[in-house]
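Here are the chains, one letter per residue:
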Amino acid sequence: MRILGKNGTADAYRVSVDLGGDEVVALVPDALLSDQYGTSEKVSHEQAYEWIAAQQHDLSDAIKALKKGATPRAPFTNVTLES
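Keep in mind it's a predicted model, so treat the numbers as computed, not measured.

Caption draft 1: Layout of the overall build of the protein. Helix and strand content of the protein: three helices and four strands. Along the chain direction, N to C, the helices and strands of the protein fall in the order β-β-β-α-α-α-β. The C-alpha radius of gyration of the protein comes to 12 Å, within 12% of the 12 Å expected for a compact globule of 83 residues. Viewed in the frame of its principal axes, the protein has a C-alpha envelope of about 35 × 25 × 25 Å. Restricting to contacts in the protein with at least 6 residues of sequence separation, those with at least 24 account for 38%.

Caption draft 2: Representation of the pattern of salt bridges. Summed over the entire model, instances satisfying the criterion amount to seven salt bridges. The closest approach of N and O atoms between Lys 42 and Asp 11, which form a salt bridge, is 3.3 Å. Linking Lys 42 in the loop between α1 (30-36) and α2 (45-54) with Asp 11 in the loop between β1 (2-7) and β2 (12-19), this pair joins segments that are 31 residues apart in sequence. The exposure class assigned to Asp 11 is partly exposed, which follows from its relative accessible area of 37%.

What counts, and at which threshold
- Residues numbered from 1 in each chain as written.
- Predicted model: local features only at pLDDT ≥ 70, side-chain atom pairs only at ≥ 80, totals over all residues.
- Heavy atoms only, no water.
- Helix = DSSP H or I, 4+ residues; strand = E, 2+ residues; numbered from the N terminus.
- Rg over C-alpha atoms; globule rule 2.2 N^0.38 Å.
- Contact = heavy atoms within 4.5 Å.
- Salt bridge = Lys/Arg side-chain N within 4 Å of Asp/Glu carboxyl O.
- Buried < 20%, exposed > 50% of the residue type's maximum accessible area, 1.4 Å probe, protein only.

Right, dumping it as C-alpha cells:
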C-alpha cells in the first residue's frame, strides 16, 4: 500500500493498492481517522500516516471489497474508490 497524500477537496487521504497488477486508488476520509482517534478534530498528517500504515491490511481488504462491488466491514464503510 502506498499513501499518495491528501485530497483536500474530498477531505480524505489517497491510498493505492496493487490488486493483481492493477493499481486501485481509494480515499480514506478524515472523519474515519478522527473517529478512530476518538476526536472531533482532524488528526495530524503524521497521525493519519501512522494509522493508515498500521491498518494497511484491513484497508487493502476494504479496497478489494469495494472493487468487487461489496461493502467493506466496519469501520471501513466510508472508504471509497477514487473515480
